[in-house]
Amino acid sequence: DHDFLNKTAALIETIKPDHIVIHDLHDMTSRNHHNRQSGLFIASQGDRTVADDLQDAINVLGEIQGAHPDAVIHIVNSNHDRALDVWLDDPSVDPRKDAANLPLWCDLQKLRFQIALAGDPLPVTLESAIAILMDEIEGITYGDNVRFLGEDESLLINGIEYGQHGDRGINGARGGYTAFEKLGSCYVIGHSHSGYKNGKRVAVAGVTGSLDMGYNKGASSWSHSHVFVGADGIPQIVMGIK
């Protein structure tokens, strides 16, 4: 939602936070695994490519960083971002039948296999894809203050854990805010697209994107909202930004 993104950038410019935490930066709209088996959906995408999806992510990241260049930006490993990995690992995907996306698919596969065969930890695919798209494989040009977190990588700031997206719960169980309410620490998560807070234990951010994504039919709890943690260390839900 570009209007709410602009309001968010203005809020960042006013508050000037030390840290900015982003969930689901990339949506993988054009080849999302929930829809790509539908010929009708693929037709509706026209000539849109995965590179276009990534360019949207780059633009959002650039606007957020532009609002406060000195902030450290942390991009939490999220299920929408990992849709890139699902696309690359799905045996039903035949890139030869998707010529527009074939070059990027091959570049990412080559990089992932080279690293895997060398025995090194796999990189965050979203970071690699953005780097390839920007023709700078050594890293994105936004600078050292942009960090892509790995899976289950902790991000502990002043006693609050920010490194979990919320799609995964305890010991491999299904995620959701109720799973984190059972833990002793304070967590700030995303995933549910709905602003929520339970005392000082769990706070959930809403979305900056559209409140109507097509698949969220019926009554909805989705909200345009963020989590703000001030000097007192207490998470607050910020909604209704004007």
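Residues numbered from 1 in each chain as written. Predicted model: local features only at pLDDT ≥ 70, side-chain atom pairs only at ≥ 80, totals over all residues. Heavy atoms only, no water.

1. Re the side chain of D24
By the element assignment, D24 lies in the loop between β1 (19–22) and α2 (39–44). Despite being buried, D24 has no salt bridge partner; R82 is the closest side chain of opposite charge, sitting 7.6 Å away. Among the polar contacts listed, one links the side chain of D24 to the backbone nitrogen of H80, at a separation of 3.1 Å. At 3.3 Å, the side chain of D24 forms a polar contact with the side chain of H165. (Helix = DSSP H or I, 4+ residues; strand = E, 2+ residues; numbered from the N terminus. Buried < 20%, exposed > 50% of the residue type's maximum accessible area, 1.4 Å probe, protein only. Lys, Arg positive; Asp, Glu negative; His and termini not counted. Salt bridge = Lys/Arg side-chain N within 4 Å of Asp/Glu carboxyl O. Polar contact = N/O pair within 3.5 Å; in protein donor to acceptor, adjacent residues only side chain to side chain.)

2. Concerning the environment of D81
Tracing the backbone shows D81 in the loop between β2 (72–75) and α4 (83–89). Of the residues examined, D81 reaches a relative accessible area of 6% and is grouped as buried. Beyond its immediate sequence surroundings of up to four residues, D81 is in contact with D24, L25, H26, I75, V76 and L126. Here the side chain of D81 touches L25 through a polar contact of 3.1 Å, landing on its backbone nitrogen. (Contact = heavy atoms within 4.5 Å.)

3. Some thoughts on the pattern of salt bridges
Tallied over the entire structure, the rule returns 10 salt bridges. A salt bridge links D167 to R82; its shortest N-O distance comes to 2.3 Å. With a gap of 85 residues between them, D167 in the loop between β5 (160–161) and α7 (177–181) and R82 in the loop between β2 and α4 connect regions that are remote in the sequence. Across this residue pair, the class does not change: D167 and R82 are buried. A salt bridge links R112 to D85; its shortest N-O distance comes to 3.6 Å.

4. Details of unusual backbone geometry
A positive phi angle is found at M28, which is not glycine, with a value near 55°. The phi dihedral of N158 falls on the positive side, at around 50°, and the residue is not glycine. Structurally, N158 is set in the loop between β4 (156–157) and β5. With relative accessibility at 77%, the residue N158 sits in the exposed group.

5. Let's talk about the environment of Q37
By the element assignment, Q37 lies in the loop between β1 and α2. Distance in space between the C-alpha atoms of Q37 and T14 is 44 Å, their sequence separation being 23 residues.

6. Notes on the packing of helix α3 (residues 50–67) against helix α6 (residues 125–133)
Direction vectors running N to C along α3 and α6 enclose 95°, while the axes themselves pass 10 Å from each other. Compared by their axis directions, α3 and α6 come out roughly perpendicular. Together, A51, L54, Q55 and I58 of α3 and L126, A129, I130 and L133 of α6 make up the contact between the two elements. Across the contact of α3 with α6, the residue classes tally to 7 nonpolar, 1 polar and no charged. (Axes fitted to C-alpha atoms, helices over the stretch in contact; angles between N-to-C directions. Parallel < 35°, antiparallel > 145°, perpendicular 65-115°, else oblique. Nonpolar A, V, L, I, M, F, W, Y, C, P; charged D, E, K, R; others polar.)

7. Some thoughts on the sheet that holds strand β3 (residues 146–148)
The strand order β1-β2-β3 describes an open sheet built from 3 strands, whose pairing is parallel. Looking along the sheet, the strands with just one partner apiece sit at the ends: β1 and β3. Averaged over neighbouring strand pairs, the angle between their axes works out to 20° when direction is ignored. Pairing analysis gives 3 bridges linking β2 to β3, with the strands arranged parallel. Each residue of the ladder has a partner; that of I73, found in β3, is V146. (Pairing = 2+ DSSP bridges.)

8. Side note on the nonpolar core
If you look at the biggest cluster of nonpolar residues, it comprises 32 residues, and the most contacted ones within it are I22, L54, I73, I75, L84, W87 and L126. Within the residue set of this core, elements represented by two or more residues are α1 (2–15), β1, α3, β2, α4, α5 (102–117), α6 and β3. Per-element accounting of this core gives the leading share, 7 residues, to α3. Excluding its chain neighbours within four sequence positions, the residues that come into contact with I75 are I22, L25, L61, D81, V146, R147, F148 and L149. The next biggest cluster of nonpolar side chains, apart from the first, holds 8 residues, and it includes L149, L155, I160 and C186. (Core = buried A, V, L, I, M, F, W, Y, C linked by side-chain atoms within 4.5 Å.)

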